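# Survey of secondary and tertiary structure
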Amino acid sequence: MSRRPIAYIAGLGTAVPPRVVTNHDFEKTLETSDQWIVERTGIRERRHADPGMTVAALAHQASLVAIQRAGITPVDLGSIVLSTATPDRLLPSTACDLQALLGATRAAAFDISAACPGFVYGLTIAEGFIASGQSENVLVVGAEMLTTITDMTDRSTAILFGDGAGAAVLRRATGDRGMLSTFIRSDGALAELLYRPGGGAARPFSAQVLEERSHLMKMAGREVFKAAVLTMAEACDEALTRAGVTADEIDLMVPHQANVRIIEATAKHAGMPMSKVMVNLDRYGNTSSASIPLALVEAEAAGRIKPGSLLLLVAFGAGFTWGSTVVRW
Ligand code: UT7
């Protein structure tokens with residue numbers, strides 16, 4: 001017997017910058033090839049924001065669509081939960097900038113730092129806010145300009161990441177539609193597998209930080225890969241068990257889009273054929289917490305998600321963090 005949902009996604013929206021950067025573009029600046037990138041990651045192209053773009057502006061574009069689709073207005077929002085690894089400024093939150101752009105004058109706004117599973121963390125927070133009566137309408141946003149913290153001279157990370165945003169309005173469930181389970185977990189002992197060593201309070205920005213390029217992301221790719229496969233497997237099992245459903249009942253898995261080989265290993269663990277898995281990283285690369293809403297919107301537009309569909313959303317990322325949710329659409 002599956003659980004009754006507390007909250008459902010009433011509207012979704014996404015935004016990506018217009019500039020497309022292909023694998024062939026990287027061949028001009030790095031010792032890499034389209035063939036290597038496609039075989040090892042599944043990525044063919046990604047979007048890069050141009051100077052002048054902001055995370056709040058991308059989040060704003062995505063949020064306006066989500067709010068309109070939910071049939072509400074910005075003043076109806078009680079909370080704005082924005083996940084990003086690339087805040088526009090370190091103080092105040094990008095969520096507050098988004099609130100001002102939206103004119104969401106009755107909302108509490110704050111950022112969360114949960115890396116790639118940030119959208120799933122946000123859904124979990126929204127469910128809690130709705131259950132407690134804190135907010136009737138919660139805007140959950142994943143918005144990233146990872147290219148601003150990517151070392152474009154490091155071929156093992158430069159080719160992976162892209163920019164984008166996704167937003168969802170969460171409301172109290174009244175029927176069968178909504179999240180049937182949520183699961184989130186972290187392991188801070190793995191922090192240095194994927195991190196930005198410099199530029200924060202521990203190593204404030206300085207000429208040395210700049211020279212060492214330690215304000216940019218560092219990643220132990222192979223170790224992250226291994227941890228990702230293990231945590232994605234656990235996250236699938238937990239969300240299914242907590243929802244009281246089996247993998248056979250899932251119509252579509254919508255995983256974090258980091259590497260197609262990680263997605264294939266996760267699907268194999270869950271016993272799901274790739275025909276029941278959404279993959280769009282070939283066109284966007286890894287957009288961190290924006291990847292799941294970007295995949296959800298495309299899956300719905302392609303007719304792969306219909307009212308009543310049972311979905312498994314699952315993600316992992318820096319922290320290490322991981323999480324999952326089973327959703328009745
Ligand atoms: O949201 C979480 C974000 N992070 C991830 O999801 C990353 C997870 N990890 C991965 O996706 C993979 O580990 C990578 C795609 C980063 C690397 O693939 P891999 O199959 O694990 O390669 P590797 O790190 O074991 O490196 C194999 C070789 C190395 O050369 P040598 O030392 O064998 O000569 C790398 O230098 O591949 C080389 N290499 C590249 N070659 C061509 C690394 N990046 C590239 C590249 N083009 N872009």
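Our subject in this report is the structure included herewith. (Residues numbered from 1 in each chain as written. Predicted model: local features only at pLDDT ≥ 70, side-chain atom pairs only at ≥ 80, totals over all residues. Heavy atoms only, no water.)

### Digging into helix α8 (residues 221-243)
With 23 residues, α8 extends 32 Å from end C-alpha to end C-alpha; this agrees with the ideal 33 Å at 1.5 Å per step. Taken residue by residue, α8 has V224, A227, A228, T231, M232, A233, A235, C236, A239, L240 and A243 as its buried positions. Of the residues trailing α8, G244 is marked for its positive phi of about 70°. (Helix = DSSP H or I, 4+ residues; strand = E, 2+ residues; numbered from the N terminus. Expected span 1.5 Å × (residues − 1). Buried < 20%, exposed > 50% of the residue type's maximum accessible area, 1.4 Å probe, protein only.)

### Quick notes on the pattern of salt bridges
Taken as a whole and judged by the stated rule, the model has eleven salt bridges. Linking D50 and R19 is a salt bridge whose minimum nitrogen-to-oxygen distance equals 2.6 Å. Residue D50 is found in the loop between β3 (45-47) and α3 (55-70), and its partner R19 is found in the loop between β1 (7-15) and β2 (20-22); the two are separated by 31 residues along the sequence. Taking the relative accessible area as the measure of exposure, D50 reaches 37% and is therefore partly exposed. Taken together, the salt bridges that share partners define one network made up of D282, R283 and E298. (Salt bridge = Lys/Arg side-chain N within 4 Å of Asp/Glu carboxyl O.)

### Side note on the state of the cysteines
The final tally for this structure, using the stated rule, is zero disulfides. Looking at the unpaired C236, the closest cysteine sulfur is the one in C116, lying at 16 Å. (Disulfide = S-S within 2.5 Å.)

### Concerning the site of the ligand
Around the ligand, 22 residues are found, and the nearest of them are T32, R40, R222, N259 and N286. Here R40 contributes a side-chain N or O atom positioned 2.8 Å from an oxygen atom of the ligand. The fraction of the free accessible surface of the ligand (950 Å²) that becomes covered by protein chains is 75%. Only α2 (34-41), α6 (155-158), α8 and α9 (260-270) provide two or more residues apiece to the shell around the ligand. For the shell around the ligand, the element with the most residues is α8, which contributes four residues. (Near = heavy atom within 4 Å. Polar contact = N/O pair within 3.5 Å; in protein donor to acceptor, adjacent residues only side chain to side chain. Areas by Shrake-Rupley, 256 points an atom, 1.4 Å probe, with all protein chains shown as cover.)

### Let's talk about the sheet that holds strand β12 (residues 310-317)
If you walk across this open sheet you meet the four strands as β8-β13-β12-β11, and the pairing is mixed. In the strand order of this sheet, the two ends are held by β8 (178-186) and β11 (252-255), each with one partner. Looking at each pair of strands side by side, their axes are set apart by 10° on average, direction ignored. Across eight bridges, the pairing between β8 and strand β13 (residues 321-328) is antiparallel. Bridging across to β13, T182 finds its partner in T325. (Pairing = 2+ DSSP bridges. Axes fitted to C-alpha atoms, helices over the stretch in contact; angles between N-to-C directions.)

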